[in-house]
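Residue strings, one per chain:
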Amino acid sequence: MRALRGTRTMSKVIFVDTSKTARGGRRRKKPHACYDGEKTFEVYELTKLGNYNEIFIDSLFAEFYDEVLELLKRGVKVYYLKDTSILKKLRRQKGLKKSDVIDVILLANIPRDYFKQLTVEEMERRTKLDPLINKYQLLTRRIALLRQWIKNDGWDYGLSEVIKLMGKDKENVARKIVEAISNNAIYREACKMLGVRDSVELAILVTKLPLHLPLVKLKGLLGFTPNKNKGRYYELRWHVTALATCLYMNARKRVSVSEEIAEIANYLPREKAIYRLGLMILKALRKAYFIAAEPLAGGSKSHKGR
């Protein structure tokens, strides 16, 4: 595969090592590092790069979703690196130390196949769903904390009523998340495989997980792999566990579930069963990802062993 720099002569291309704090943020502002194939420079706003036809970024952060969306609506093509670990591998192979300048130059030498092109539709969905998902996660944490306070102290102080109000708000947010992704092919297929419906946890996993990555990589990112307990997507592990626990409880209550789920729930200790069900959820998501992609590829690809 040829590097990106050698494949485009007709369009203006820019590579960007992005910063979460380039605009706003609680920490000190740090600009995006840019490389146009000849020189490096810095910008604080991606929209300042609108005179380029194609922009290749290393990471896509919620902090600048609106900027990417604006660029896409202007007709600029934006791509992001599917797996940022390739930069670390390249630095190690070349014996280089990490720096924004080094990373953005290395980014220019990564083949196009390693990038995913963004669309207006995807960015609009991300812009709509991310605030809802953040609120859902915040309410989940606060409800759990308040319940723990009541349990530890033995005093209520009216917190039960607060929990009820938060719970209603959480249900409303969950409903909006599911509605927003209900027509997603991956979500529908995964629901069918796992025998669930209207699952907010599954909706969040479909939205946030990089399902294009191999299963072994996803396991590491979610902390399922030993010695990788704090993967980059570890905060999503809770959603996997929550859904796995729901499947486990359904099986134990003899609610209709698949034979495989019932066997895991009824013949393994609770902790091991939930762990196994978590892996089943990841496998279902990966399989659903490939099934959803097959119509675009003419249905000829196999997902066996992926």
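Structure: see above.
Residues numbered from 1 in each chain as written. Predicted model: local features only at pLDDT ≥ 70, side-chain atom pairs only at ≥ 80, totals over all residues. Heavy atoms only, no water.

(A) Region of the structure containing the overall build of the protein. From N to C terminus, the protein includes eleven helices and six strands. A total of 306 residues make up the protein; the buried ones form 43% of that total. Nonlocal contacts in the protein, meaning residues at least 24 apart in sequence, comprise 60% of its contacts between residues at least 6 apart. (Helix = DSSP H or I, 4+ residues; strand = E, 2+ residues; numbered from the N terminus. Buried < 20%, exposed > 50% of the residue type's maximum accessible area, 1.4 Å probe, protein only. Contact = heavy atoms within 4.5 Å.)

(B) Representation of the nonpolar core. Residues Ile-177, Leu-194, Leu-202, Leu-209, Ile-281 and Leu-285 are the most contacted members of the largest nonpolar core, which totals 57 residues. Counting only elements with at least two residues in this core, the list comes to α4 (120-153), α5 (159-181), α6 (185-194), α7 (200-208), α8 (215-221), α9 (237-252), α10 (259-267) and α11 (270-293). When residues of this core are assigned to their parent elements, the largest contribution, ten residues, is made by α11. When sequence neighbours within four positions are dropped, the list of residues in contact with Leu-194 reads Leu-202, Leu-243, Leu-247, Ile-261, Met-280, Ile-281 and Ala-284. Membership of the second largest hydrophobic core comes to 21 residues, among which are Leu-49, Tyr-80, Leu-118 and Met-123. (Core = buried A, V, L, I, M, F, W, Y, C linked by side-chain atoms within 4.5 Å.)

(C) Just unusual backbone geometry, in detail. At Asp-198, a position not held by glycine, the phi torsion is positive, near 55°. Mapping Asp-198 onto the fold places it in the loop between α6 and α7. Although it is not a glycine, Arg-254 sits at a positive phi angle of roughly 65°. Structurally, Arg-254 can be placed in the loop between α9 and α10.

(D) A look at the side chain of Thr-140. Among the secondary structure elements, Thr-140 is positioned in helix α4. The class of Thr-140 is buried, set by a relative accessible area of 11%. Side chain to side chain, Thr-140 and Lys-170 meet in a polar contact 3.2 Å long. Residues within four places of Thr-140 in sequence aside, it is in contact with Lys-170 and Trp-238. (Polar contact = N/O pair within 3.5 Å; in protein donor to acceptor, adjacent residues only side chain to side chain.)

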